[in-house]
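# Chains, contacts and geometry: an overview
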Amino acid sequence: MTIQIYDPTIEAKGRHIAYVPRPKSLAGLRVGLVDNSKHNSDQLLLRIAGLLEKDYGAKAHVMRRKISAGVPASPEIIAEFKNACDVVVAGVGD
Amino acid sequence: MELKSRHYAARDADEAMELCAAKGWTDGLPVVPPTESRISAMLAAAGLEPGLEIAFIENRQVSVTAEKVAINAVLAGCKPEYMPVVVAAVEALADPLYGYHGPATSTGGSAVFMVVNGPIARELDINCGDNLFGPGWRANATIGRAVRLTMRNTIGTLPGILDRSSLGHGGKYSFCIAENEAQSPWPPLHVARGFRREQNAVTIMAALAPHQYSNGLSNTPEGILTTACANMRICAGTGRHPQYALVFAGEHMATMAKAGWTREDVQRYCFEHTRISAAELKRINLLDGAVGPGDETDMHTLVETPQDFLVIAAGGNAGVQSAYIPGWGSKSGSQSVTKEIRRS
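Procedures and definitions
- Residues numbered from 1 in each chain as written.
- Chains lettered and ligands numbered in written order.
- Predicted model: local features only at pLDDT ≥ 70, side-chain atom pairs only at ≥ 80, totals over all residues.
- Heavy atoms only, no water.
- Helix = DSSP H or I, 4+ residues; strand = E, 2+ residues; numbered from the N terminus.
- Rg over C-alpha atoms; globule rule 2.2 N^0.38 Å.
- Buried < 20%, exposed > 50% of the residue type's maximum accessible area, 1.4 Å probe, protein only.
- Contact = heavy atoms within 4.5 Å.
- Areas by Shrake-Rupley, 256 points an atom, 1.4 Å probe, with all protein chains shown as cover.
- Lys, Arg positive; Asp, Glu negative; His and termini not counted.
- Charge placed at Lys NZ, Arg CZ, Asp CG, Glu CD.
- Salt bridge = Lys/Arg side-chain N within 4 Å of Asp/Glu carboxyl O.
- Pairing = 2+ DSSP bridges.
- Axes fitted to C-alpha atoms, helices over the stretch in contact; angles between N-to-C directions.
- pLDDT = per-residue confidence, 0-100.
- Phe/Tyr/Trp six-rings, centres within 6.5 Å; stacked < 30°, edge-to-face > 60°.

### As for the overall build of chain B
Along the backbone of chain B there are 12 helices and 13 strands. Here chain B has a C-alpha radius of gyration of 21 Å; the compact-globule value for 344 residues is 20 Å, and the two agree. Looking at chain B as a whole, 56% of its 344 residues qualify as buried. Once local pairs closer than 6 in sequence are excluded, the contacts in chain B between residues at least 24 apart make up 80%. In the structure as shown, chain B presents an accessible area of about 14000 Å², 52% of it carried by carbon and sulfur atoms. For chain B, the centre of its 30 positive side-chain charges and the centre of its 34 negative side-chain charges are spaced 2 Å apart.

Quick look at the structure:
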């Protein structure tokens, strides 16, 4: 007699995320930097901002720090970036 | 009740077990094949319809249903009566304060430490005594395992993929205890966290492995806690303010009771005596930079507030051992959460 065994796994649901078009050029744009709070993440991001300004003509940057790497950026940070930035650099890593 | 999950045919129990392993549904140990009758018994014991959502994990966009929790509880070897505890713990995983994504994914390698309180702990024979964190009790071994298998199989918390623990620890198989409410000098943990004594509740905390310390010299709380704090202070350097569980076993528990120390007394003492200077943090490379003026008196606390020490009475009556359990990462990333265990 065969035994039927049931699958314990789940496939994650797809979620549609709307992206704005990528800018064709960074010239004159303001860059937001999301510091994920890991050691030296601020140093890395500032170097990236420096390159974006020097080599690609970005105008300015603003960096804000998350309270923890494991949580999303706060609504306040997102609101500030929406108002004050044209592009945002974010990432997670150790 | 009608189950929605896909199912597979196996010729016999041996083949069913091998199929579970081959499909990657296990933690490496053998599992109980999840058959319809076993899954239905699990759901019935908790009075749950299979389609009921137990948890929604935002980061993963995953809805964990009662059916999936039941299948994983069967795999883990749970008795049906354990199911309400497993369900409450899975519910807790989705609490925003627990912040599932961080502790589940981090290289920091935490497990889900679970403390069960209330009459159900005794009814289910969840161990609160000898060999507290070791093997030997079915409830302890399988309830925690069911939670971990649910994380693996439904939320995708797979080692090397969405579980990037560098090291992990044995608690990731199962990390479930009860509190020794009968002998505790303090109100039960869940009462301290807002529940009534007769309610059943489970507290979860993203936690590293237990660190055991011995003190057979002291017959005062201050003496025992001096040892505890010295051990913790060395590990305090992250400066990230996780929560800590402090587990006091029999002889140390008795010393606290005899001296009339409350849970709050223990928390205050440990808060004050685990402070560490910025200078020391710099010397042991846990704070960046050279030791400067003022660093010797710039004191950092281990936790954010005294209440971030979860004081728990549990462990064998013989011996002069207790343990502290560091929480994962930071309290801002993950906090301990207590949920009521509901039975039908």
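Next, the rest of the story.
### Thoughts on the pattern of salt bridges
Residue and element names in this part refer to chain B. The final tally for this structure, using the stated rule, is 20 salt bridges over all chains. The salt bridge involving arginine 283 is made with glutamate 296; its shortest N-O contact spans 2.9 Å. Of the two residues, arginine 283 sits in helix α12 (residues 278-283) while glutamate 296 sits in the loop between α12 and β10 (299-300), which places them 13 residues apart along the sequence. When its relative accessible area of 46% is taken as the criterion, arginine 283 is described as partly exposed. Here glutamate 296 falls in the partly exposed class, since its relative accessible area comes to 45%. Measuring nitrogen to oxygen at the nearest pair gives 3.1 Å for the salt bridge that ties aspartate 308 to lysine 331. Taken together, the residues span a long stretch of sequence, with aspartate 308 in the loop between β10 and β11 (309-313) and lysine 331 in the loop between β12 (321-326) and β13 (337-340) at a distance of 23 residues. Across this residue pair, the class does not change: aspartate 308 and lysine 331 are buried.

### A short note on the sheet that holds strand β2 (residues 30-35) of chain A
Residues and elements named next belong to chain A. Read from one edge of the open sheet, three strands run β3-β2-β4, paired in parallel fashion. Across the chains shown, the open sheet's two edge strands, defined by having one partner strand only, are β3 (60-65) and β4 (87-89). Averaged over neighbouring strand pairs, the angle between their axes works out to 25° when direction is ignored. Pairing analysis gives three bridges linking β2 to β4, with the strands arranged parallel.

### Thoughts on the sheet that holds strand β6 (residues 201-207) of chain B
Residue and element names in this part refer to chain B. Pairing within the open sheet is mixed, and its four strands lie in the order β5-β4-β6-β13. Each edge of the open sheet carries a strand with a single partner, namely β5 (176-178) and β13. Strand-to-strand, the axes of this sheet are offset by a mean angle of 25°, without reference to chain direction. Contacts between helix α4 (residues 83-93) and the sheet are confined to β4 (111-117), β6 and β13, with β6 contributing the most and set at about 50° to the helix. On the sheet, helix α7 (residues 138-154) packs against β4 and β5 and is oriented at approximately 135° with respect to β4.

### Looking at the environment of B:Leu162
All names here are of chain B. For leucine 162, the position within the fold is in the loop between α7 and β5. Classification of leucine 162 by relative accessible area gives partly exposed; the value is 30%. Between the alpha carbons of leucine 162 and threonine 105 there is a distance of 5.3 Å; along the sequence they are 57 residues apart. Those residues in contact with leucine 162 that sit more than four places away from it in its chain are Arg60, Ala104, Thr105, Ile155, Gly156 and Thr157.

### Some points on the confidence of the model for chain A
Chain-level pLDDT for chain A is 89 on average; 97% of the residues reach the 70-or-more range. Element-level pLDDT for chain A is lowest in β3(A), with a mean of 92, against a maximum mean of 97 in strand β1 (residues 3-6) of chain A.

### Here we look at the packing of aromatic side chains
Residues and elements named next belong to chain B. Under the defined criterion, the tally for this structure stands at eight aromatic pairs over all chains. Summarising the aromatic geometry, the rings of phenylalanine 113 and phenylalanine 175 are spaced 4.8 Å apart at their centres and angled 45° between planes, so their arrangement reads as tilted. In this pair, phenylalanine 113 is assigned in strand β4 and phenylalanine 175 in the loop between α7 and β5, connecting sequence segments 62 residues apart. Side by side, phenylalanine 113 and phenylalanine 175 carry an identical accessibility label, which is buried. Between tyrosine 244 and phenylalanine 309 the ring centres are 6.4 Å apart and the planes differ by 65°, which places this aromatic pair in the edge-to-face class. Remark: phenylalanine 309 occurs in strand β11 and tyrosine 244 occurs in strand β8 (residues 244-248); sequence separation between them is 65 residues. With respect to class, tyrosine 244 is no different from phenylalanine 309; both count as buried.

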